[in-house]
Amino acid sequence: MAKIPKKVIERYKKAIPKFKRILKTASDRDLNEADTVAIIQDMLAEVFGFDKYLEVTSEYAIRGTYCDLAIKIEDKIQYLLEVKAIGITLKPVHLRQAVDYGANHGVKWVVLTNGLIWELYRIRFERPITHDLVSSFDFLEINPKNDEDQQKLFLLSKRGIGKSLREDYYERTQSVNRFV
């Protein structure tokens, strides 16, 4: 488990209740995908610590199609986000779309979300291309004071990316996965 800086935990404690209210309202109103993307962009800044204008790219072009969002730090894509409308249940076809984006751009990390459910996948560039679910959570169930929940958020945060936690977490989950 990574040591999460106090500043990041304080950010979680402040931002998570705010976004729980926003997501609940958005869900009740069944917002469309574009509005859900706007909420996710704010979450990436306020919860996960990214600069919304410099590190979060919307409608990222990949071979003639567009992925909803990309996290880009120092000109390197860290992960792609495929966002669905808040009222849509995430399905295998959505995951296939996200994995295809990552595979076509050589990005090994993708996030599939509808704002409520967040799923982090690592793409394995094998023949055929495969993927592993590394982490998932329901944002409305996240407790900003719970260590395990903080770790899940930290995997996607700017500070967590800097510490290569995703790879470490992935390796740890794979080592305990009896199918590997």
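Below: a short report on this structure. (Residues numbered from 1 in each chain as written. Predicted model: local features only at pLDDT ≥ 70, side-chain atom pairs only at ≥ 80, totals over all residues. Heavy atoms only, no water.)

### Some words on the overall build of the protein chain
Short version of the rule: To qualify as a helix, a DSSP run of H or I must reach at least 4 residues; to qualify as a strand, a run of E must reach at least 2; elements of each kind are numbered from the N terminus. Throughout, the Shrake-Rupley method with a 1.4 Å probe supplies accessible areas, and for residues the shown protein chains are the sole cover considered.
Looking only at helices and strands, the protein chain has six helices and six strands in total. When its helices and strands are written in sequence order, the protein chain yields α-α-β-β-β-α-β-β-β-α-α-α. Looking at the protein chain as shown, the accessible area adds up to about 9700 Å², and 48% of this sits on carbon and sulfur atoms.

### Description of the nonpolar core
Defined as follows: To define a nonpolar core, start from buried Ala, Val, Leu, Ile, Met, Phe, Trp, Tyr and Cys residues and group those joined through side-chain atoms within 4.5 Å. Residue exposure (1.4 Å probe, protein chains only): buried if accessible area is under 20% of the type maximum, exposed if over 50%, otherwise partly exposed. Any two residues having at least one pair of non-hydrogen atoms within 4.5 Å are treated as being in contact.
Membership of the largest hydrophobic core comes to 40 residues, with the highest contact counts inside it found for L44, F50, I71, Y79, L81, W118 and F139. Residue assignment for this core shows that the elements contributing at least two residues are helix 1 (6-29), helix 2 (33-46), strand 2 (65-73), strand 3 (76-83), strand 4 (109-113), strand 5 (117-124), strand 6 (130-138) and helix 4 (147-156). Of the residues forming this core, the biggest block, eight residues, is contributed by helix 1. In this view, W118 contacts I40, M43, F48, L81, V111, L112, T113, S135, S136, F137, F139 and L156; residues no more than four positions away in its chain are not counted.

### Focus: the pairing of strand 6
Stated precisely, the cut-off is as follows: By this definition, two strands are paired if DSSP reports at least two bridges between them.
Here strand 5 pairs with strand 6 via eight bridges, running antiparallel. Bridging across to strand 6, R122 finds its partner in D132. From the end of strand 5 to the start of strand 6, which pair antiparallel, there are five residues.

### Focus on the environment of L31
Inspection of the secondary structure assignment puts L31 in the loop between helix 1 and helix 2. Classification of L31 as buried rests on a relative accessible area of 17%. On a C-alpha basis, the gap between L31 and A85 in space is 6.5 Å, while along the polypeptide they are 54 residues apart. Setting aside anything within four residues of it in sequence, one finds L31 in contact with A26, T36, I39, A85 and I86.

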